[in-house]
Amino acid sequence: MDKQIQEAAAVINNGGLVAFPTETVYGLGANALNPIAVAKIFEAKERPSFDPLIVHIASFDDLNVLSDNVPQSVFMLAQKFWPGPLTIVLPKSKMVPDIVTSGLETVGIRMPNNEVALQLIRAAKCPIAAPSANKFGQLSPVSAKHVRKQLPNIDYILDGGFTTVGIESTIVAVEGNVCQLLRPGFITLEDIEKALPGVFEFDYSTPQKLVSPGLLKSHYSPKKPLYILTGAEEQLPEHSGLILHSNEAATLEASCVMYTSQTGSLVEVAANLFSSLHAMEENDSVTQIFIKPVEIKGLGVAIMDRMRKAAYQYQPNVDKE
Ligand code: TXA
Ligand code: MG
């Protein structure tokens, strides 16, 4: 892997794009300090320019490069959860080009918990801006193969196998001592409160402005209709795929049944959610997909957030975004 990391770092330093694994999903990276390189990310993803990117770092010192006057509470938060699936939105420094933040005065920063990602950032010697390595609106990639399916023409793909967490990082904005959830993920606000009691006040309200497209109602969608089971179905249409989360006998007949977990473990459901949707998308015997919901509690909040956004555009009678 050493040689590949050096090659990938050279691509980054030459202003190119590298897809790389993180613990959550694969990222499509460019030198965060090079606006032209970052512009190529938007082009490759067909991503609207109002949608800011997360900057990935490998050293705590880089927090001070990307943001000015980082409060002690944010350092404590970073020390507790980094490297890990938590993105912290902070006021940006002059070093961060506007294209990275889509003109916002804030920047999202995280240190991924994946050795290949950390080695790439260290070898490139620059912070790496990276959204998930999928076309805008489509399923997030959790393997190098998924990246190739959607983005076959990018300069370099580092193959680190399947990601472990499987859904994108939790995003929080910290202002003063108020910590607001912008996108649910593996780490919950309860985890933060438990790890750092009394340090933050928590704002559970949905941000007023569209500060995070994680807030778009439709996102992360497979190319085939996806429906969340209501429990009232007596039978599924022909050529249906069915995704379940424990090894219960499927009471509904389907052309293809997949399990994200044998035991209903939410950690496993999260890890296998996008890969099961990718597999159904690729399965020629399946024309529509049905998926069982999970309880909206703990990690289930983030899982249902992704599931509902993936299914949103296929619901009848909704305003499409
Ligand atoms: O786990 C992850 O976060 C993955 C891996 C590759 O790190 N990345 C990821 O990036 O999910 P992306 O671009 O697919 O989603 C990033 C989200 C977007 O919804 C974006 O709007 C939000 O982060 N974001 C980035 N900067 C922001 C900022 N300054 N303020 C508010 N939201 C921000
Ligand atoms: Mg994404």
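Nothing here was measured: the structure is a model prediction, and the numbers come from that model.

On to a nonpolar patch on the surface, then. Residues Leu33, Val65 and Met95 make up a contiguous nonpolar surface patch of roughly 220 Å² in combined accessible area. By relative accessible area, which is 45% here, Met95 ends up partly exposed.

Enumeration according to the criterion identifies four aromatic pairs in this entry. Between the aromatic rings of Tyr220 and Phe274, the centroid separation amounts to 5.9 Å while the plane-to-plane angle is 45°, which identifies the pairing as tilted. Residue Tyr220 is found in the loop between β10 (201–203) and β11 (226–228), and its partner Phe274 is found in helix α9 (residues 266–282); the two are separated by 54 residues along the sequence. In this structure, Tyr220 and Phe274 share a single accessibility class: buried.

With that settled, consider the pattern of salt bridges. Counted according to the given criterion, the structure contains 12 salt bridges. The salt bridge involving Arg47 is made with Asp51; its shortest N-O contact spans 3.0 Å. Residue classification places Arg47 among the buried residues on the basis of a relative accessible area of 13%. Between Lys292 and Glu248 there is a salt bridge, and its shortest N-O distance comes to 3.1 Å. With a gap of 44 residues between them, Lys292 in the loop between β14 (288–291) and α10 (299–312) and Glu248 in the loop between β12 (240–244) and β13 (256–259) connect regions that are remote in the sequence. With a relative accessible area of 29%, Glu248 lands in the partly exposed category.

So, on to the nonpolar core. Counting residues in each nonpolar core, the largest one holds 66 residues, and the members touching the most others are Leu77, Ile88 and Ile192. It is helix α6 (residues 115–124) that contributes the most residues to this core, six residues altogether. Leaving out residues up to four positions away in the same chain, Leu77 has contacts with Leu86, Ile88, Val172, Val174, Ile192, Leu196 and Phe200.

This next bit is on the environment of Ile41. Mapped onto the elements of the fold, Ile41 is located in helix α2 (residues 35–45). Separated by 70 residues in sequence, Ile41 and Met111 have C-alpha atoms that sit 20 Å apart. With sequence-adjacent residues up to four places away left out, Ile41 is seen in contact with Leu17, Leu28, Gly29, Ala30, Leu53, Ala129 and Pro131.

Attention now goes to the environment of Pro197. Relative to the elements of secondary structure, Pro197 occurs in the loop between α8 (189–195) and β10. Remark: the alpha-carbon pair of Pro197 and Lys135, spanning 62 residues in sequence, is separated by 39 Å.

With that out of the way, let us pick up the sheet that holds strand β9 (residues 178–183). What the 10 strands build is an open sheet, ordered β7-β1-β2-β6-β3-β5-β4-β8-β9-β10; its pairing is mixed. Each edge of the sheet is formed by a strand with only one pairing partner; in this case those strands are β7 (156–157) and β10. Looking at chain direction, strand β8 (residues 170–175) and β9 are connected through five bridges and run antiparallel. Bridge pairing links Val174 to Cys179 in β9.

As summarised here, the arrangement of the four strands in space is β11-β14-β12-β13, forming an open sheet in which the pairing is parallel. Single-partner strands in this sheet number two, and they are β11 and β13. Within this sheet the neighbouring strands show an average axis-to-axis angle of 20°, counted without direction. Of the strand pairs in this sheet, β12 and β13 are connected by four bridges, and their pairing is parallel. Bridging from a neighbouring strand, Leu242 pairs with Val257 of β13. Against the sheet, α9 contacts β11, β12, β13 and β14, and its axis sits at roughly 165° relative to β12. Lying on the sheet, α10 is in contact with β11 and β14; it crosses β11 at an angle near 130°.

All right, on to the side chain of Thr170 then. Tracing the backbone shows Thr170 in strand β8. Polar contacts involving the side chain of Thr170 include one to the main-chain carbonyl oxygen of Ile187, which spans 2.6 Å. If we ignore the near neighbours within four places in the chain, the residues touching Thr170 are Pro85, Leu86, Thr87, Leu181, Arg183, Pro184, Gly185, Phe186 and Ile187.

Burial of strand β5 (residues 106–110) is extensive: four of the five residues sit out of reach of the surface. Inspection of the sheet shows strand β3 (residues 54–56) paired to β5 by three bridges, in the parallel sense. Paired with Val55 across the strands is Ile109, a residue of β5. Examined bridge by bridge, strand β4 (residues 86–91) and β5 share four bridges and lie antiparallel to one another. Bridged to Leu90 within β5 is Val107.

Running from N to C, α9 and α10 cross one another at 20°; their axes reach a closest spacing of 9 Å. By the angle between their axes, α9 is roughly parallel relative to α10. In this structure, α9 crosses over α10, and the sense of that crossing is left-handed. Residue-level inspection shows Leu266, Val267, Val269, Ala270, Leu273 and Phe274 of α9 in contact with α10, the latter providing Leu299, Gly300, Ile303, Arg306 and Met307. Along the lines of polarity and charge, the residues of the contact of α9 with α10 split into nine nonpolar, one polar and one charged.

Conventions used here
- Residues numbered from 1 in each chain as written.
- Chains lettered and ligands numbered in written order.
- Predicted model: local features only at pLDDT ≥ 70, side-chain atom pairs only at ≥ 80, totals over all residues.
- Heavy atoms only, no water.
- Patch = residues over 30% accessible without salt bridge, like charges linked within 9 Å, V, L, I, M, F, W, Y side chains within 5 Å.
- Areas by Shrake-Rupley, 256 points an atom, 1.4 Å probe, with all protein chains shown as cover.
- Salt bridge = Lys/Arg side-chain N within 4 Å of Asp/Glu carboxyl O.
- Buried < 20%, exposed > 50% of the residue type's maximum accessible area, 1.4 Å probe, protein only.
- Phe/Tyr/Trp six-rings, centres within 6.5 Å; stacked < 30°, edge-to-face > 60°.
- Helix = DSSP H or I, 4+ residues; strand = E, 2+ residues; numbered from the N terminus.
- Core = buried A, V, L, I, M, F, W, Y, C linked by side-chain atoms within 4.5 Å.
- Contact = heavy atoms within 4.5 Å.
- Pairing = 2+ DSSP bridges.
- Axes fitted to C-alpha atoms, helices over the stretch in contact; angles between N-to-C directions.
- Polar contact = N/O pair within 3.5 Å; in protein donor to acceptor, adjacent residues only side chain to side chain.
- Parallel < 35°, antiparallel > 145°, perpendicular 65-115°, else oblique.
- Left-handed = near helix turned anticlockwise from the far one by under 90°.
- Nonpolar A, V, L, I, M, F, W, Y, C, P; charged D, E, K, R; others polar.

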